[in-house]
Amino acid sequence: MSYYPKKYDIIVVGAGHAGCEAALAAARMGCSVLMMTIDLDGIARMPCSPSIGGVAKGQLVKEIDALGGEMAKVTDKTAIQYRLLNTKKGPAVQSSRTQNDKIRYHIAMKEALEKEPNLDIKQAMVEKLVVENNHLVGIEDQTGFGYQAPAVILSTGTFLSGLVHIGFTSIRAGRAGEFASYGLPESLRSLGFNLGRMKTGTPPRLKKSTIDFTRFAKQEGDENPRPFSLFTKEIKMPQIPCYIGYTNKKSHQIVRDNLERSALYGGKITGVPARYCPSMEDKIVRFSERDKHQIILEPEGIDTEEIYASGLGNSLPMDVQIPFVRSVEGLEEVEMMRPAYAIEYDYVDPLQLFPTLETKPIKGLYMAGQINGTSGYEEAAAQGIWAGINAALKIQKRPPFLLDRSEAYMAVMVDDLVTRGTEEPYRMFTSRAEYRLLLREDNAEQRLMEKGNELGLIDDETAKEMKKRQKKISAECHRIKNTVITPSKEVNDYLIKAGSAPIKNATPLDQILKRPELSYQDISTLDGHHKKKDERIARHVEIEVKYEGYIQRQLREVEKFKSLEKIKIPPEFDYTGVHGLSNELREKLSTIKPISLGQASRIPGITPAAISIIMIYLKKTGSLL
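These figures come from a predicted structure and were not determined experimentally. (Residues numbered from 1 in each chain as written. Predicted model: local features only at pLDDT ≥ 70, side-chain atom pairs only at ≥ 80, totals over all residues. Heavy atoms only, no water.)

(A) The overall build of the protein, seen in detail. When its secondary structure is counted, the protein shows 20 helices and 23 strands. The C-alpha atoms of the protein give 26 Å as radius of gyration, which agrees with the globular expectation for 625 residues (25 Å, within 12%). Oriented by its inertia axes, the alpha-carbon framework of the protein measures out at about 85 × 75 × 50 Å. Across the protein, contacts joining residues at least 24 apart in sequence account for 73% of those joining residues at least 6 apart. When the accessible surface of the protein is summed, it comes to about 26700 Å², and 51% of that surface belongs to carbon and sulfur atoms. Side-chain charges in the protein split into 87 positive and 81 negative, and the spacing between the mean points of these groups amounts to 3 Å. (Helix = DSSP H or I, 4+ residues; strand = E, 2+ residues; numbered from the N terminus. Rg over C-alpha atoms; globule rule 2.2 N^0.38 Å. Contact = heavy atoms within 4.5 Å. Areas by Shrake-Rupley, 256 points an atom, 1.4 Å probe, with all protein chains shown as cover. Lys, Arg positive; Asp, Glu negative; His and termini not counted. Charge placed at Lys NZ, Arg CZ, Asp CG, Glu CD.)

In structure tokens, the structure reads:
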């Protein structure tokens, strides 16, 4: 086999959201990186919803940003609507979401990649991994030409054995109109990887000028939107509304009458679908008591007629899709520009990964994104930066980058995948994070920016500014706790007007701020402290004071959690000699190879008694790290 003359440190296969973050992180850390993609015009394409963020997903984007990633920056350059979700709930579950111009998003991310000096980008289909003695040495493309690197990151999305379904018509494709890879999954199987099958889908795209928007409710974005990225100074894109409507009994009857012609219910699809993003067929069958389902018309960009019809996803044939879509009020005359479809693809069992996202069977091989069984741009991007950082650190012979569940949502996701695995498309939820009050959007920089600086992804000046903000937050929290307001007519009139009870005795400001109906601005007015504060600082202070009791409780829980995390297990530890464990538990532990007692405790089926037995044997054999 002939090889490209230049040898790289790292090759990234795939240029979706995972591949982009992986390639940029590794290159910015000083590694020579090659990104390989089937289609250069498909870099960072938004094949499904033209949006970034959402509940828990917004936290992931903020974390990527705090580490020095690119997703939030590109989001702000291309966002055409901002919305902060769950504003009526506590800060632990508040998350940002944007609608984006998908073409501009692709262009902006491609520009960032092309300008990165340590990064080369080439168009080719990777067909085979080249391995010697269980060590990755390079890849081979579909022409038989090779590229050499001691580390490869696979971020292949839905392209492994991708199969698009529209009714009973099936097309080999990674996305509609794009080639799928059938050689690479066979290469993975031959190397000992366990592959499964998953299914996702996308709704139709509708022509804007054929929609009667007067029949839909307009959904505007936030009046004063907050940028996604810490580095964005100004939002420049025009803001555009979305529109909300509903299916009806006629819509549902059309689907019911044609269920057997659906790829999903007609037996064509074997992959496991996502429970949390059901197709229209699933909604009709699983929620048969409902006579309507919400749909949202989302613009795909400023300069396009295409409208993403969220909620209308299906795998029905075209002759059914057309009357089904046109049964919705306001869509009676609509033209479909692209049909809805379902897609099946291969994924690799994530239990075959270490927490660094390096694979157990092959050294130097990393995986990120949907190949690990996840769904969503944000989940993919977070795994991408995680894998890119760890591949670069291994090349540089530096310790791995590992966060625990109390430090980041991305750590929760990685730990879930490599410890518990997944049998359905994994999606991030706030409920997955035990310490979600500590993992808010507003404190992502405090949690992760210093780590980004240590990795070389955040410059020193930016890190210094973050530390200054942290000092200001601490100082302001201290001031509020040590400032007392005495009752007066002026003070009590203000409190009553704000819907709060008057005070009868001298009261510390922090106790007043803990009242749910009052804000940081209210207490600034009450004590006459009108010095202008950075909005980020003000919001952080308000949360820290209001939720102080809950935060302290979670911090105490974290200390207990970390006691087990600190007890490391050597990778070569032999569980077959541990008496008192069942054969099933020995097999699970030998397969997953937990790096700590904490990770071992989260393996399904592992009991406190089993943890005690492992602890005894670690001490007995002198294996405690």
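So much for the structure itself; the text now carries on.
(B) Structural context of helix α8 (residues 318-326). Among all positions in α8, only V320, Q321, F324 and V325 are buried. Viewed end-on, α8 has its buried residues packed into an arc of 120°, placing them on one side of the element. Close packing links the buried residues of α8 with β11 (163-166), β14 (205-207), α6 (249-257), α7 (280-286) and β19 (336-338). (Buried < 20%, exposed > 50% of the residue type's maximum accessible area, 1.4 Å probe, protein only. Arc of directions from axis to C-beta.)

(C) Structural detail: the sheet that holds strand β5 (residues 95-100). The three strands lie next to each other as β3-β5-β4, forming an open sheet whose pairing is antiparallel. Two strands lie at the open edges of the sheet, namely β3 (51-53) and β4 (79-85), each paired on one side alone. Within this sheet the neighbouring strands show an average axis-to-axis angle of 20°, counted without direction. One ladder, built from six bridges, connects β4 with β5; its direction is antiparallel. Bridge pairing in β5 links Q81 to Q99. Across the sheet, helix α2 (residues 57-67) is in contact with β3 and β5; its angle to β3 comes to roughly 80°. (Pairing = 2+ DSSP bridges. Axes fitted to C-alpha atoms, helices over the stretch in contact; angles between N-to-C directions.)

(D) Region of interest: the side chain of N372. Within the secondary structure, N372 sits in the loop between β21 (365-367) and α9 (377-395). Among the polar contacts made by the side chain of N372, one reaches the side chain of Q383 at a distance of 2.9 Å. Leaving out residues up to four positions away in the same chain, N372 has contacts with Y347, V348, P350, L353, L357, M367, Q383, L417 and T422. (Polar contact = N/O pair within 3.5 Å; in protein donor to acceptor, adjacent residues only side chain to side chain.)

So far we have only geometry, and geometry alone does not tell us how the molecule works.
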